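# Geometric and topological summary
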Number of protein chains: 2
Amino acid sequence: MANDKKMVEQITSMDVDFAQWYTDVVKKAELVDYSGVKGCMIIRPYGYAIWENIQHDLDARFKKLGHENVYMPMFIPESLLQKEKDHVEGFAPECAIVTIGGQNRLAERLVVRPTSETLFCDHYKNIIHSYRDLPKLYNQWCNVVRWEKTTRPFLRTSEFLWQEGHTMHENEEQAREETLKMLKCYEDFYRETLAIPAVTGRKTEKEKFAGAKETYTIEPMMHNGVALQGGTSHYFGDGFAKAFDITYTDRENKVQYPHQTSWGVSTRMIGAIIMTHGDDNGLILPPKVAPIQVAIIPVAQHKEGVLEKANALKEQLSEKFRVKLDDSDNSTGWKFSQYEMKGVPLRLEIGPRDIENNSCVLVSRVSREKTFVSLDNIVEEVEKALKAVHDELYARAEKNLAEKMNIARNHDEFLDIAQNNPGFIKAMWCGDAECEDKLKDETGGVKSRCIPFVEENISDKCVCCGKPAKHMVVFGRQY
Amino acid sequence: MANDKKMVEQITSMDVDFAQWYTDVVKKAELVDYSGVKGCMIIRPYGYAIWENIQHDLDARFKKLGHENVYMPMFIPESLLQKEKDHVEGFAPECAIVTIGGQNRLAERLVVRPTSETLFCDHYKNIIHSYRDLPKLYNQWCNVVRWEKTTRPFLRTSEFLWQEGHTMHENEEQAREETLKMLKCYEDFYRETLAIPAVTGRKTEKEKFAGAKETYTIEPMMHNGVALQGGTSHYFGDGFAKAFDITYTDRENKVQYPHQTSWGVSTRMIGAIIMTHGDDNGLILPPKVAPIQVAIIPVAQHKEGVLEKANALKEQLSEKFRVKLDDSDNSTGWKFSQYEMKGVPLRLEIGPRDIENNSCVLVSRVSREKTFVSLDNIVEEVEKALKAVHDELYARAEKNLAEKMNIARNHDEFLDIAQNNPGFIKAMWCGDAECEDKLKDETGGVKSRCIPFVEENISDKCVCCGKPAKHMVVFGRQY
């Protein structure tokens, strides 16, 4: 039976070809299917369930911080997109444009939203008049489109799902505070929910978001040392407010422009989960977003009492966890491989001998360690084991991040590391975009990720031009 | 202070101008804002929170019935849309079309999904091979676009939010069962969650969905007697499967076409809530989807102990209900009007004398009845009062539906009722689409809503042509 072939044989090893491993995993774990629409993916039930768990967790964090959800139109009239100069320049090259509606050529072309700053501003102009209307803390869950030439599921697709927060504040101080608060919210979410550590900091001038005064970023490192821009939080100042003529009357009865932020994370996070935690047996999902947290596999399930006990366990555990009992007629070996491939954090095996001993076997997807546990306190044991999976995933990723964090004291070291050591590179920088360009060209793609909040003093000179250094920058290749 | 002006004075009376009343309510209750994008609306926090509550409830019902959520691309290549003849004919006139992507004219134009049958079929072709792969019970929450000439918030907009279920089954029987099961799911949801009664049945040939073999519908009646198509469930047979070449090997090892269904409801339901339950004081929300279920209004809030008690009550009630305490410096009268306008089902007033008596006042938004209740069992009292609001809303709507349900025994009666009595008309019909057309023309828009599951025998003859009648049809004007 073809199904009996071990899943693990069907995927490429990470060390042989990481890109192919990724492609194999997203397909075999049934996260996505390719669609007939160029650059667009189908998110299958198992992949979408991860997204739902992510949404559920993040949305609660946003609401706790006082944010409200809204829904803006997905079409942006071209004239509206053009109101803020830097913004339109940044996005114009990657827009999908509707030119026909109801069988007629449109008088004004409509851009399918690549992001919604302009729409939010257009609305804020109508509803913000007084300081009493501030802050406005809005968020939107939606699809956006950015036309891409080369695409990869979750990492880079022409259409993707995301949330975009857009907030308005009385002054710079409050807006800056919000920008950093939301970056921290993402950082906490990555650590507490996705078990992913990351470097955080602000983007250089060159890498900022189109129209932003300041862009902060969270940059987790994938297993192969490549960075993934995991989320960004922008401070806009009052640039958009001026472009859209949004004003309010302040506490002293003076007319002022409000200060703005935006922040977003997307389905790309699922790519981060896959490439941070996965291994040669497939996906490994952090328990908090795993659609199935415990897979119950009955052993010798035809023997009397086994399925009954397995079902009773399922019922008991389902009160607290997301549980799947697989009582199909596939072989036990096939089932083991299947749920490993799908990254289920915990496997629970139960057979006749276990039942005799009033126990079962728990197997961690990360350590692959087997533990015999008593059925008397199975709920606590499962809870403990899931927490252990989360902690172990985080520790492993943290170790990878530390091991692949290189330091370059001079230009030669930088080029040598870029060529030979996968990972991030800490190095000093003069603040000049030309040096960023040069380093990127010389290394075939190593870019500044961010200027971390805490900078070390590695040397006094720019790693590229040798002029006095202004900042320590973390560099790296990116997805 | 402009704010002190009673809200109720700001909206048109229902009896004077129902359409203007609707527009006033959606604006004043802050459900939507008009956008600069023709035909598209902005759903504001209060409106979107209703949609979130609807989604949460419906999604749980779908999942309980075994459905899984997925996400399909929002673009449909024109060639894909054209694969099923009836389908493309139905939708072509109202498509928005992307012709430019990444600054290049596209080789193939992309239709922004008006519905996703074609995309689901394209995917099902890849993943359905054996009877073991069936049924496939997929659902999607997303935005869709249907180009509209005249638009009204929630009722008819070029872009709207909805869910679309798409399922595949081994045979006709199972697919037909699913079609009716999902109609019943909608009916239960309308009754249990939205407190809205409705006529249900199947659409005539003329009114069927493009490509469907059978369309079932739920048709609630608005306060003014006009119908709103509240949700539909379609049986497709194997028409799409054949057009898309989706086959599976059945239990006898024969190659077969699967049978298909789809079903959907949209943000239009918010329109149904407004027009079924609202009154001249504004919105009335069914408690189960109300973003605020209880508004606590402190009376004489500057007096010692009032705000403390109000806050304590808020804390206590928030464990079980969605509660808002308004301790702003707006007048008590303004607050009363404000939360009436916003349709909050229950108002809780608490002042110094109430505190002395260890009681508070509950005011129902529907009956406007005041009840003094003891604070000792406030949670139970609020629960009871919310249930009463739900039941009263349902009873009121049911009464309206019964009162405005007319019977026409012959052509003259039909025309007379259509002209003079708002509401639905039960009448006999020969089965001929020409009679439907004629009745619609003669009455300026009265159309067949559906053939109910239980038909009465009003007469033996078609109300239009006098030929032998085949069915009893419920007719009505529609939004």
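Here is what the cut-offs are and how they apply
- Residues numbered from 1 in each chain as written.
- Chains lettered and ligands numbered in written order.
- Predicted model: local features only at pLDDT ≥ 70, side-chain atom pairs only at ≥ 80, totals over all residues.
- Heavy atoms only, no water.
- 1 Å grid on protein atoms, 1.4 Å probe; cavity = no way out; pocket = protein on both sides within 12 Å on 5 of 7 lines; lining within 4 Å.
- Points joined across faces, edges and corners; volume = space filled by probe spheres on them.
- Helix = DSSP H or I, 4+ residues; strand = E, 2+ residues; numbered from the N terminus.
- Nonpolar A, V, L, I, M, F, W, Y, C, P; charged D, E, K, R; others polar.
- Axes fitted to C-alpha atoms, helices over the stretch in contact; angles between N-to-C directions.
- Parallel < 35°, antiparallel > 145°, perpendicular 65-115°, else oblique.
- Left-handed = near helix turned anticlockwise from the far one by under 90°.
- Contact = heavy atoms within 4.5 Å.
- Pairing = 2+ DSSP bridges.
- Buried < 20%, exposed > 50% of the residue type's maximum accessible area, 1.4 Å probe, protein only.

## Brief notes about the layout of surface pockets
Residues and elements named next belong to chain A.
- Approximately 1,200 Å³ is the volume attributed to the second largest pocket.
- Considering the residues around the second largest pocket, the lining is formed by 43 residues, among which Phe91, Glu94, Arg146, Phe209 and Gln229 are closest to the centre.
- Looking at the lining of the second largest pocket, the elements that each hand over two or more residues are helix H4 (85–91), strand E8 (159–169), strand E11 (231–237), strand E14 (259–266), helix H8 (268–277) and strand E22 (447–452).
- Per-element tally for the lining of the second largest pocket: the top contributor is E14, with five residues.
- Looking at side-chain class alone, the lining of the second largest pocket contains 13 nonpolar, 15 polar and 15 charged residues.

## Some details on the packing of helix H9 (residues 306–318) of chain B against helix H12 (residues 378–403) of chain B
Residues and elements named next belong to chain B.
- Packing of H9 against H12 leaves a shortest axis separation of 10 Å and a crossing angle of 65°. The angle between H9 and H12 falls in the class roughly perpendicular. Two packed elements cross with a definite hand, and for H9 against H12 that hand is right-handed. Contact residues: H9 offers Leu313, Gln316 and Leu317, while H12 offers Ile378, Val379 and Val382.
- Grouping the amino acids of the contact of H9 with H12 by side-chain chemistry returns five nonpolar, one polar and no charged.

## Description of unusual backbone geometry
Residues and elements named next belong to chain A.
- Look at the link from Leu134 to Pro135: it is a cis peptide, with omega at -5°.
- The backbone of Gln103 sits at a positive phi, close to 70°, despite the residue not being glycine.
- By the secondary structure assignment, Gln103 is in the loop between strand E5 (96–101) and strand E6 (104–112).

## A short note on the sheet that holds strand E3 (residues 68–69) of chain B
Residues and elements named next belong to chain B.
- The strand order E3-E7-E8-E14-E11-E10-E9-E22-E23-E21-E20 describes an open sheet built from 11 strands, whose pairing is mixed. The two strands at the open ends of the sheet, each matched to only one other strand, are E3 and strand E20 (405–407).
- Note that E3 and strand E7 (residues 136–145) share two bridges and pair parallel. Note that in E7 the partner of Asn69 across the bridge is Asn139.
- Sitting on the sheet, helix H6 (residues 172–192) is in contact with E7, strand E8 (159–169), strand E9 (199–202), strand E10 (214–219), strand E11 (231–237) and strand E14 (259–266), with an inclination near 15° to E14.

## Considerations on the pairing of E7 of chain B
All names here are of chain B.
- Here E7 lies mainly inside the structure; 10 of its 10 residues are buried.
- A two-sided burial pattern is seen for E7, the buried positions comprising Lys136, Tyr138, Gln140, Cys142 and Val144 on one face and Leu137, Asn139, Trp141, Asn143 and Val145 on the other.
- Where E7 meets E8, 10 bridges bridge the pair, whose relative direction is antiparallel. The residue of E8 that forms the bridge with Tyr138 is His166.

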